[in-house]
Amino acid sequence: MLEALIRRHASPMLQHILQYPDSFRYQLIYTQIDRDRHNRPHFKHYYFNVSADNYFNPASTVKLPIALLSLEKLHALHKRGLNMYTTMLTDSSYPGQVKVYTDATAQNGLPSIAHYIKKIFLVSDNNAYNRLYEFVGQQTIHENLWAKGYPEVRIVRRFMPLDEEGNRHTNAIRFVKDNKLVYAQPAAYCALPFDFSKTILLGNAHMDRKDSLIHAPFNFTKQNNFPLEDIQHMMQSVLFPGSVPKAQRFKLTKKDYHFLYHYMSALPRESDFPKYDTLEYFDSFTKFFMFKAHQGKIPPNIRVFNKTGWAFGFLTDAAYIVDFKNQVEFMLTGTVYVNRDGILNDDRYEYETEGYPFFKEIGNIIYQYELERKRAYIPDLKKFANVR
């Protein structure tokens, strides 16, 4: 159904991409949401070219589980005075690590879990992700995600120049309140074995860290991995926790969910701390479906709750799109690869000419379909309207 719908309405540009699935490596999941008379959501998923064996680099989408696990860990520690707003001081415990004791973008000038999560969803901040990765720890990340039913997820890299061994080591961290120590976390090491038996080579050539051209494919074998179905399922579990088995839910509070929903959907201009240059961080900076192409404007009646990622020519977005005026809701999750020259890591990708237009058109096709789709019950969307 999804493939037929898209092909029926696709422009020549989109038809070209669809014609070459091996080159563009696209995958799409469309999730219909129908409410019953008690407003309980029921989900139906449609897939187009989706396969966990079709690797794509998840880039910043891995920040989603790290943010969720950070909040979950705070509750598990159960320390008096420790919450998402407590000042978090990161020490350096291993070569290549960094110390972080201040944050000029925070209102009080100090780093915290809450402020890092804000920046992750507002503009996909890499340093914020690195600090939360270090707080949760590589071993805890995987033990918790695997226990929740995500055995294929692999998050083994920060977004900073560290090798495999360096990423296994995470920093000592202190939480303080009123100049008093609330909790001290020692440096940690992950001893878990990871399955790197499947070799993943992409492209014809790549640039190395010294900007030298290497005439060999880029090796993604030991990079992060986050299959598209897992991204979609995790988004659904956060937005609609009651729709997944209890064992698969993150252990979060109502306040956590409200905080997450606000920043998953907030626009950079709606933030005072951090304060962003809206010419660089325009409304649709992290909203791929329907909007990011040509820096599209987002109408006030539409809200997008999502997490995106872009790196190595891969673009990925997992989104829950709500139109409060027309009482429409749906989920879209997708990825596409745009790299005509076949060279990885050269920062020459067709994001603007092919990638973002792909997401805009797919999003608009599904949105128009949703506007016309008949529903037995009109959804009550107050839960998401009240988080602005």
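This one's a predicted model, so the numbers in the text were calculated from it and none came from an experiment. Within each chain, residues carry numbers counting from 1 in the order of the written sequence. The predicted nature of this model means local features are confined to residues of pLDDT at least 70 and side-chain atom pairs, given and counted, to a pLDDT of 80 or more, with totals for whole chains, interfaces and linings taken over all residues. To obtain the side-chain values, all non-hydrogen atoms of the structure were used and water was disregarded.

Asks: So what's going on with the environment of Arg-388? Residues and values would help.
Replies: With respect to the element layout, Arg-388 can be found in the segment after α12 (382-385). C-alpha separation for the pair Arg-388 and Ser-265, spaced 123 residues apart in sequence, amounts to 7.9 Å. Only heavy atoms matter for contacts: two residues are in contact if any of them lie within 4.5 Å across the pair. Apart from the residues lying within four places of it in its own chain, the contact partners of Arg-388 are His-262, Pro-300, Asn-301, Arg-303 and Phe-324. Here a polar contact means two N or O atoms within 3.5 Å. Within protein one must be a hydrogen donor candidate and the other an acceptor candidate, and residues neighboring in sequence count only if both atoms are side-chain atoms. A polar contact of 3.0 Å, which involves the side chain of Arg-388, links it to the backbone oxygen of Pro-300. Only runs of H or I of at least four residues qualify as helices and only runs of E of at least two qualify as strands under DSSP, and these elements are numbered from the N terminus.

Asks: Quick rundown of the nonpolar core? Include the residues and the values.
Replies: To form a nonpolar core, buried Ala, Val, Leu, Ile, Met, Phe, Trp, Tyr and Cys residues must be joined to one another through side-chain atoms within 4.5 Å. Under the scheme applied here, a residue whose accessible area is under 20% of the maximum for its type counts as buried, over 50% as exposed, and between as partly exposed, the area being computed with a 1.4 Å probe on protein chains only. The biggest cluster of nonpolar side chains holds 118 residues, and the ones touching the most others in it are Ile-113 and Tyr-320. Counting residues in each nonpolar core, the second largest holds 5 residues, with Val-156, Leu-192, Phe-194 and Phe-196 among its members.

Asks: Describe in detail the packing of aromatic side chains, supporting the description with residues and values.
Replies: We call Phe, Tyr and Trp rings a pair once their centres come within 6.5 Å, taking the six-membered ring for Trp, and we label the pair stacked below 30 degrees between planes, edge-to-face above 60, and tilted otherwise. This structure, assessed with the given rule, holds 37 aromatic pairs. Two limits define a charge over a ring: the Lys NZ or Arg CZ must be within 6 Å of the ring centre, and within 35 degrees of the ring normal. The positively charged end of Lys-148 is found above the aromatic ring belonging to Phe-250, 5.0 Å away from the centroid. Seen from the ring of Trp-310, Lys-292 lies directly overhead, with NZ or CZ sitting 4.7 Å from the centre.

Asks: Account for the packing of helix α5 (residues 113-123) against helix α10 (residues 254-265), naming residues and giving values.
Replies: Working convention: axes come from line fits to C-alpha atoms, limited for helices to the stretch in contact. Angles between N-to-C directions cover 0 to 180 degrees. For the pair α5 and α10, the least separation of the axes is 7 Å and the interaxial angle reads 35°. Judged by the sense of rotation from one axis to the other, the crossing of α5 with α10 is right-handed. In this structure, α5 uses Ala-114, Ile-117, Lys-118, Phe-121 and Leu-122 to contact α10, whose residues at the interface are Phe-259, Leu-260, Tyr-263 and Met-264. Two helices that cross are described as forming a left-handed crossing if the nearer one is turned anticlockwise from the farther one by less than a right angle, and a right-handed crossing if clockwise.

Asks: For the sheet that holds strand β3 (residues 87-90), give the residues involved together with the corresponding values.
Replies: Paired through their backbone hydrogen bonds, the strands of a sheet run either parallel or antiparallel. A strand pair is defined by DSSP finding two or more bridges across the two strands. Taking strand neighbours across the sheet as the criterion, the 3 strands line up as β3-β5-β6 in an open arrangement whose pairing is antiparallel. At either margin of the open sheet sits one strand with a lone partner, and together these are β3 and β6 (180-185). On average, adjacent strands in this sheet sit at an angle of 25° to one another, irrespective of strand direction. Where strand β5 (residues 173-177) and β6 come together, 5 bridges link them in antiparallel fashion. Residue Val-176 lies in a different strand from β6, and its bridge partner there is Leu-181. Contacting β3, β5 and β6, helix α6 (residues 126-136) crosses the sheet at an angle of about 85° to β3.

Asks: How would you summarise helix α1 (residues 2-9) if you had to cite specific residues and measurements?
Replies: Buried within α1 we find Leu-2, Leu-5 and Ile-6. End-on view of α1: buried residues confined to an arc of 95°, all on one side of the axis. Those residues of α1 that are buried are in contact with α2 (12-19), β1 (27-35), β2 (41-48) and α11 (351-372). This arc corresponds to the set of directions leading from the helix axis out to the C-beta atoms.

Asks: Tell me about unusual backbone geometry, and please be specific about residues and values.
Replies: Note the cis peptide between Phe-273 and Pro-274, where omega equals 0°. Here Pro-274 lies in the loop between α10 and β12 (302-311). Within the chain, Asp-211 stands out as a residue other than glycine whose phi angle is a positive 60°. By secondary structure assignment, the location of Asp-211 is in the loop between β9 (205-207) and β10 (213-214). The class of Asp-211 is exposed, set by a relative accessible area of 61%.

Asks: I'd like a description of the pattern of salt bridges, backed by residues and values.
Replies: Here a salt bridge means any side-chain nitrogen of Lys or Arg lying within 4 Å of a carboxyl oxygen belonging to Asp or Glu. In this structure the tally under the stated criterion is 18 salt bridges. Where Arg-7 meets Glu-3, a salt bridge forms, and the shortest distance between an N and an O atom there is 2.8 Å. Of the two residues, Arg-7 and Glu-3 both sit in helix α1, 4 residues apart, roughly one turn of that helix. According to the relative accessible area criterion, Arg-7 is partly exposed, its value standing at 32%. With its nearest N and O atoms 2.8 Å apart, the salt bridge here joins Arg-303 to Glu-270. Here Glu-270 lies in the loop between α10 and β12 and Arg-303 lies in strand β12, a separation of 33 residues in the sequence. For Arg-303, a relative accessible area of 5% puts it in the buried group.

Asks: Before we move on, could you go through the packing of α2 against α11 and cite the residues and values that matter?
Replies: When two helices pack together, you describe them by how their axes are tilted relative to each other and by the distance separating the axes. For the pair α2 and α11, the least separation of the axes is 10 Å and the interaxial angle reads 105°. Relative to α11, the element α2 is oriented roughly perpendicular. When α2 is examined against α11, the residues Met-13, Leu-14 and Ile-17 are found in contact with a partner set consisting of Glu-354, Pro-357, Phe-358, Glu-361, Ile-362 and Ile-365. By the definition adopted for this analysis, an angle is roughly parallel if under 35 degrees, roughly antiparallel if over 145, roughly perpendicular if from 65 to 115, and oblique otherwise.

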